[in-house]
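Chains, contacts and geometry: an overview
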Amino acid sequence: MDTSKPAIFVNGALLPMHVRKRVRTVIQVVGADRGAIVGKSPDDLQLVVKGSPPSAPLSNFVEVIGIADSEKSIQAEIWTNFGEVFDTHSYNQLCQLANGEYQHLFL
């Protein structure tokens, strides 16, 4: 695991607190719009992910790591397919822990 450039775990509600910072989240891919991927965050908010996705087709759930460039969008640097089924509830709880009292364990 590369620790030289840590990325903050975020959901849709936490993303606005981290604009211009390196973040990571998992989205459920909903579709594409004007060269960007539209997805649903672990807490069911719509996010837009910009950047060049991998040449392989995206799975239903994708982890993205990149820079939060607005309150609802991420400029992705890394895309990782997470498969067709994913526990978004548990990931959402992880995001909350990583931004709360256990933050020191994640950065």
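In what follows, the structure referred to is the one given above.
Note that this is a predicted model, so its numbers are computed, not measured. (Residues numbered from 1 in each chain as written. Predicted model: local features only at pLDDT ≥ 70, side-chain atom pairs only at ≥ 80, totals over all residues. Heavy atoms only, no water.)

As for the side chain of Asn11
To be explicit about the condition: Helix and strand definitions here come from DSSP, where helices need a minimum of 4 consecutive H or I residues and strands a minimum of 2 consecutive E residues; each element is numbered from the N-terminal end. Whether a residue is buried, partly exposed or exposed follows from its accessible area with a 1.4 Å probe, protein chains only, as a fraction of its type maximum: under 20%, in between, or over 50%, in that order. Whenever two N or O atoms come within 3.5 Å, that pair is a polar contact, provided that in protein one can donate a hydrogen and the other can accept it, and provided that, for residues adjacent in sequence, both atoms are side-chain atoms. Pairs of residues are marked as contacts when any of their non-hydrogen atoms sit within 4.5 Å.
Secondary-structure assignment places Asn11 in the loop between strand 1 (8–9) and strand 2 (22–33). Look at Asn11 and you get buried, because its relative accessible area is 3%. A distance of 2.8 Å separates a polar side-chain atom of Asn11 from the backbone nitrogen of Leu14. Of the polar contacts made by the side chain of Asn11, one reaches the side chain of Asn92; its length is 2.7 Å. Once you skip the residues sitting within four places of it in the chain, Asn11 turns out to touch Thr25, Ser41, Pro42, Asp43, Asn92, Cys95 and Gln96.

So, the packing of aromatic side chains
In plain terms, the rule: Planes of paired rings set the category: under 30 degrees apart is stacked, over 60 is edge-to-face and the rest tilted, where pairs are Phe, Tyr or Trp rings (Trp by its six-membered ring) whose centres lie within 6.5 Å. Charges are assigned to positions over rings by a cutoff of 6 Å between ring centre and Lys NZ or Arg CZ, combined with an angular limit of 35 degrees from the ring normal.
For the structure shown, the criterion picks out five aromatic pairs. Taken together, the ring pairs in this structure connect Phe9, Phe61, Phe82, Phe86, Tyr91 and Phe106 into an aromatic cluster. Lying over the aromatic face of Phe9, Arg24 brings its terminal NZ or CZ to 5.3 Å of the ring centre.

Quick word on the environment of Ile27
Examined against the element boundaries, Ile27 turns out to sit in strand 2. In the structure, Ile27 is positioned 37 residues away from Val64 in sequence and 7.7 Å away in space, judged by C-alpha atoms. With residues up to four places along the chain from it excluded, the contact list for Ile27 reads Ile37, Gly39, Lys40, Leu47, Val49, Asn60, Phe61 and Val62.

Just geometry here; none of it tells us what the structure is for.
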